[in-house]
Amino acid sequence: MTHPTNTCAVTDDARWRAVLASGATAVPRWSLAPPAAGGGPVATTVAVPAELTAAVSAQAGRLGVVPEALLLAAHARVLAALTAEPEVLAGVEVAGRTLPARLDTEVASWRTLATAAAAALTALTGADQAGDDVALAQARRDLTGLWPETVLAVGVPAGDGTPLADDAVFRVDRPAEDQLRVVHRTGDLDVAAAERIAGYHLTALDQLCADPDAAPGAQGLVGPEELAQQVDGLAGPVRPRPDRPAHEIIRDRAAADPDRVAVVHGDRSWTYRELDEVTDRVARALLSRGLPPEGIVAVVAERTLDWAACVLGILKAGAAYLPLEPHFPPDRIATVLTRADARIVLGERGSTTTLDEALDNLGAAAPERLLVDDAVAEEHGDEVPRVDVAGDRLAYLYFTSGSTGEPKGAMCEHAGMVNHLYAKIEDLGITEGTVVTETAPQCFDISLWQLVAPWLVGGTTVIVEQETILDVPSFVDLLARRRVEVAQLVPSYLDVVVSYLEQQSAPAAEVLPALRRIAVTGEAVKKELVARWFAVRPDVAVVNAYGLTETCDDTNHEILTEVPAGERVPLGPAVPNVRVYVVDEGLHPVPLGAPGEIVFSGVCVGRGYVNDPERTAKAFVPDPLRPGERLYRSGDHGRWLPDGKLDFLGRRDHQVKISGFRIEIGEVENTLLRAPGVRDAAVVVAERPGRGKQLVGFYGAAAPVENEVLRATLEASLPVYMVPPVLHHRETLPLTPNGKIDRKALTALALTLDEPATPDADADATPLTPTEARVAAVWAPLLGVDASAIGRDTHFFDRGGSSLLAVKMAVGLKKAVSLPDIVGHPVLADLAALIDSKAADVPAPAPAPVAETEAPTVRLHFSDLTPSS
C-alpha cells in the first residue's frame, strides 16, 4: 500500500518544537533479561487475519481515510494503554524518515481519532525533506530526551532487515499484508511481550472496525491468555484458612498452653490463661447489656493490657471493635461515634477527659460508657461466652481521613481478618514463643495484627510504651531485653534506628541478637534505607508490606534478603487468597507492565464504609472479572513487574501519607476553611532530604489570621498528625489557567518560604561556643537549611522541627540529650547549655522564656513515628 503525498511542507522549527515539547511517551519495559548491551534487534511476527485486513480496508473507505491512518490510530491507542497517558508521542516512519506525531486518544470516537491520524500522516508525508530535517534536528537538539520511543512504519518496509533506532523501544511494521511485525531488543521486551504488543494492535484495529463511533478507551486491549495470567497467575496462592474466628483459635491456644506469657506491657504481663479469663469477663459484661451481633463497641484507651482485653473481649462478644485514641479532639470522637452508631464505649480511668466531653456533647444520643475495670469486676457467672461468628460477620472498623471533611469508617469482616493474620504469621515466621512488638497507634489497623497475630500460634506480644518509642536508645534496649524477634516500623523511624545502630561500637547483631524479621509499612521505603539496613544486619530480612485499611490491612509482602536490583523497592506479590488487578478507568486490566489503578478482590475486601452508602458505592464495586464478589478501588497507582511483583507509582488524587498516616488533604483544607476570615485554603506536602515529608498550609484572607485561631480551628476537629505545622497567609492563592488552585506553585513556594537564606530574624547572634556550633551543625540538615541560617536564639520547632526530627537530633547528638530535654530546651543556646551542664555534671541554667506567640505548641506523640496502612 502506498500513501498519497501532500504538498504542504512542514519546515517551521517552532512546529516541531511544539510537537516534542509536550513530553515524551515513556513505554514500559518488560523483560527479565538485562538491557542488551550492543545486542541487535529481533523481530517477532504475528499473523493478521485476512478478514481483519479486509475490514480495515473497508472501514478506511467508509471513513474517507487511507488504511494506514487506521493503523496509526490503533498504534496511538496501544501507546495510551501502555503508558496510561491519553496524549501520546509516536514516531512515524515515512519514506525512510522517522518523524514525530502527537495524537490525543481521549476523544469521543475512533472516527475522530482516525481522522486526526489521517491528518497527521498527510502533514508528515508532505514535509519538505531537506528543509524539514534541518528544523527537526535543531528542535531535537534543543529538547534533549523528548523523542518518540516507538516507531510505526507506514507501508511495507524495503528489504528483510529488522531496523530499530538506538533510542527506540520497539518498531511496528507490516512486512506483508498478512503479517504484523514488532522489532525489539530482548533486554527491553521479551518475545512474549512483543507478541502481546502486536496483539494489542490487532485488537485495537478490530475494535475500530467493529464500531468506529465508540470511544477508543471504552474497551480493554488485553487478550484472553494475558487476562487469565493477570487474574489467576498474579493472584496470591490459594491457601486454606481456619473456618473459625481468631478469638476461638486463641481460646484453644489458651487451653493448650495456659501458662505461657501472651502479652507484656511495661512490668505487667498476662499468661494465656489470664488473657482468656479477663477477656471472657469483658465479653460477658458487653453481652449482659443486650449487645446485638455486630453491635459496634468503641474503645477509647491507651495501649495497655486493658486495651488488649477490650479488643479480644469485643470479638468474643460477637461485636465489632472500633478504636479511638484518648488524645483525639472531642469533636472528632463525637463525629466517629455518631457515624458508626456505636452502642457502647469502653474507656479506662485516667484517660477519659476528651471522651467525657464528647459524650456530653452528644447528650441523649451518646452511647453507653463502660470503664474497663468495671467490666472486668462485674459478676455475670462463669459461663464461657460463645457467640456464633461466621466469616462474613463484621469484625472491626477503622476510621480514616475523608476528602469531604468527614472521616470514613472502613468495615472489615472476620474471614478477611483471619486471612491477613495468617499471612503475617507465615511471612514473618511467627511461631510458638516468637516475641513480636506492638508499636502502632490503636487507631490504625496494623496495631491489630501486631497485637493479635502472635496469639494464634502461641507467641508473645510486647506492647511498647509511647515514651520508649520516642527514645531510640530505650527502644533498641527494649528489643534486646525482651528478645524481640519481629518488629514493624515506619521507614522514617527505621532510618533513625539504623542511624543509632551505625553509631554503636558493637555490631548490630550483638545489639539486637534475637531479631529475625523487620517489617516496614505505611509509606514507600527507599532503596538506600534497605541498603543501610543490610549493611548493619545482613542476616535480618526486611518485609515490605503494602495494603489498605479497606482491604483488611496488607495485601502484598515483598521479602527482601538483599538490596533490590530495580530503581525502587517493589511491593511484592499478593499474599494468599488475595487478588490484585491493575486497571484503567473502565476497570479493564491494563497491559502487563503498564501503569494503572491498583484494585483488590477476594477475601481481603471489606464491607464498605459504615453508614456511608455514597462513598461505599464509589470505592466498593462489583468485580467485573469475578461475578458475585466485591472489588475495592484504592486510588493507588502501580504496575506489574516481570517477576510478578507489584510496583507502587503513587497516587493521582490529594491523598498523602505522612509518617505512615493516611491523610486526605481535602479534609484538612475543609477544616481550615472554617477559621474566621479564611476565604481559600490549600495544603501541600513539602519534602527535603533528611527531613521527610511535612504538611504546609496556605490560606487566602484579606489580612493575616492569628496563628492561634487557625491552629485552634484545626485542632478542634483533627488529630495532631493532620495539623500542618506551618501555615502561610496570602491575600489570594495562585491559580492555574483553568481557575483551580495551583498546587505545583504552592509546593515550590512552600520550599522557598521554609528555607531562608539568611539567619533567623530572631537569631541575634551566631553560635558562640563549640557546643552551640555542634548543635547547629546537627540541626542544619534536619531543618533543611545551611548552618549559617541558624542562630543562638533559633527555636527548633518554630523552624519546622517535628517529633521525628527531634528523635533524629537526639541520635545525631549521640545521646547527649534526651527527647524530653529537646522539648524543654528547644532554643539552640539553651540546649547547648544543657549539654555542657550534663557533661560537667552541674545543674543546667533555666531555659530562656519564650513568648506564647513565638512558637507553636509541640505535641510529641508516637503516631509521628509508627506505621499504618
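Here's what I pulled together on the structure shown here. Keep in mind that what you see is a predicted model, and the values were worked out from it rather than measured.

For the rest of this paragraph, the subject is the pairing of strand 8 (residues 268-271). Pairing analysis gives four bridges linking strand 7 (residues 261-265) to strand 8, with the strands arranged antiparallel. When the sheet's bridge partners are listed, Val-263 is paired in strand 8 with Trp-270. Between the end of strand 7 and the start of strand 8, which pair antiparallel, lie two residues, with Gly-266 showing a positive phi angle near 60 degrees.

Summed over the entire model, instances satisfying the criterion amount to 49 salt bridges. For Arg-260, the salt bridge is made with Asp-257, and the minimal N-O distance between the two is 2.7 Å. Between Arg-630 and Glu-413 there is a salt bridge; the shortest N-O distance is 3.6 Å. Highlighted residues: Arg-630 in strand 25 (residues 630-640) and Glu-413 in strand 14 (residues 408-413), separated in sequence by 217 residues. Through salt bridges with shared partners, a single network forms among Glu-93, Arg-171, Asp-173 and Arg-181.

Next up on the list: the pairing of strand 10 (residues 320-324). Burial of strand 10 is extensive: five of the five residues sit out of reach of the surface. The two faces of strand 10 match: Ala-320, Leu-322 and Leu-324 on one face and Tyr-321 and Pro-323 on the other face are all buried. Judged from the five bridges that link them, strand 9 (residues 296-300) and strand 10 form a sheet pairing that is parallel. Within strand 10, the position partnered with Val-300 by the bridge is Leu-324. Following the chain from strand 9 across helix 10 (residues 305-316) to the adjacent parallel strand 10, one finds a crossover that is right-handed.

Below, the discussion takes up the sheet that holds strand 1 (residues 42-47). Taken in spatial order, the six strands of this open sheet run 1-6-5-4-2-3, and their pairing is mixed. Edge positions in the open sheet fall to strand 1 and strand 3 (97-104), since each of these has one partner strand only. The sheet shows a mean angle of 25 degrees between the axes of neighbouring strands, direction not considered. Strand direction decides the pairing type here: strand 2 (residues 87-94) and strand 3, joined by eight bridges, are antiparallel. Paired with Glu-93 across the two strands is Thr-98, which belongs to strand 3. Lying on the sheet, helix 3 (residues 67-83) is in contact with strand 2, strand 3, strand 4 (150-153) and strand 5 (170-173); it crosses strand 2 at an angle near 140 degrees.

Reading the values: the criteria
- Residues numbered from 1 in each chain as written.
- Predicted model: local features only at pLDDT ≥ 70, side-chain atom pairs only at ≥ 80, totals over all residues.
- Heavy atoms only, no water.
- Pairing = 2+ DSSP bridges.
- Helix = DSSP H or I, 4+ residues; strand = E, 2+ residues; numbered from the N terminus.
- Salt bridge = Lys/Arg side-chain N within 4 Å of Asp/Glu carboxyl O.
- Buried < 20%, exposed > 50% of the residue type's maximum accessible area, 1.4 Å probe, protein only.
- Right-handed = clockwise from strand over helix to strand, strands pointing away.
- Axes fitted to C-alpha atoms, helices over the stretch in contact; angles between N-to-C directions.
- Contact = heavy atoms within 4.5 Å.

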